[in-house]
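An overview of the molecular structure
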Amino acid sequence: MRKIKNCFCGRLKPFEECCGLILKGDKEASTAEELMRSRYSAFVKADVDYLMKSYHSTTRPLSEKKEIKVWVDSVIWLHLQILSTNKGGVSDIEGTVVFKASFLEEGDVKVISENSIFEKEKGKWRYLKEYEPNE
Ligand SMILES: [Zn+2]
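Presented here is an overview of the structure given in this document. (Residues numbered from 1 in each chain as written. Predicted model: local features only at pLDDT ≥ 70, side-chain atom pairs only at ≥ 80, totals over all residues. Heavy atoms only, no water.)

Considering the overall build of the protein
Along the protein, the regular secondary structure elements total four helices and four strands. Ordered by position from N to C terminus, the α and β elements of the protein give α-α-α-α-β-β-β-β. Taking 14 Å as the expected radius of gyration for a compact globule of 135 residues, we find that the protein reaches 15 Å, a close match to that expectation. Based on the C-alpha atoms only, the size of the protein along its principal axes is roughly 45 × 35 × 25 Å. For the protein, buried positions account for 38% of its 135 residues. Excluding contacts between residues fewer than 6 apart, the proportion of contacts in the protein whose partners are at least 24 apart in sequence is 43%. For the protein, the accessible area works out to roughly 8200 Å², and carbon and sulfur atoms hold 51% of it. In the protein, 23 positive and 22 negative side-chain charges are present, and the distance between their average locations comes to 6 Å. (Helix = DSSP H or I, 4+ residues; strand = E, 2+ residues; numbered from the N terminus. Rg over C-alpha atoms; globule rule 2.2 N^0.38 Å. Buried < 20%, exposed > 50% of the residue type's maximum accessible area, 1.4 Å probe, protein only. Contact = heavy atoms within 4.5 Å. Areas by Shrake-Rupley, 256 points an atom, 1.4 Å probe, with all protein chains shown as cover. Lys, Arg positive; Asp, Glu negative; His and termini not counted. Charge placed at Lys NZ, Arg CZ, Asp CG, Glu CD.)

What to know about the sheet that holds strand E3 (residues 108-121)
In space, the four strands of this open sheet follow the order E1-E2-E3-E4, with antiparallel pairing throughout. Single-partner strands in this sheet number two, and they are strand E1 (75-87) and strand E4 (124-130). Between one strand axis and the next, the sheet turns through 30° on average, direction left out of account. Here six bridges tie E3 to E4, and the two strands are oriented antiparallel to one another. Counterpart to Lys120 in the pairing with E4 is Trp125. Strands E1, strand E2 (94-105) and E3 of the sheet are contacted by helix H4 (residues 65-74), whose axis makes an angle of about 110° with E1. (Pairing = 2+ DSSP bridges. Axes fitted to C-alpha atoms, helices over the stretch in contact; angles between N-to-C directions.)

As for the pairing of E1
Two elements, E1 and E2, share 11 bridges in a ladder whose sense is antiparallel. Along E2, the bridge assignment pairs Ile76 with Leu104. Joining the antiparallel neighbours E1 and E2 is a turn of six residues, in which Gly88 adopts a positive phi near 75°.

Here it is, written out as structure tokens:
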């Protein structure tokens, strides 16, 4: 029996046919969730260029690129769980994705929980920022 290796994002297809296409620029994420998944895979692959590219231009932390690279190289990503999505569909222009991502940092398992806001920019999904209810 051939074992099919899932993509890092958890989908039941190989990375090369899933997030790999988006990271390479062969395909655009069609939904906010797909962009979220591709960004998780980019964290796994320490693909900081893609992480930058997938940010909305108004929030893209280019000045922190080096620090982000050092950090992503130092952790081991374990699991992504998409908890819920709101809008962010093919014909939407904005949407949110609630997720949990776990990783190993200096031997400890840590979990990031975030409600992320995504917005289309020139027709392409981009990560805007974390949703903060007090804003
Ligand atoms: Zn994937």
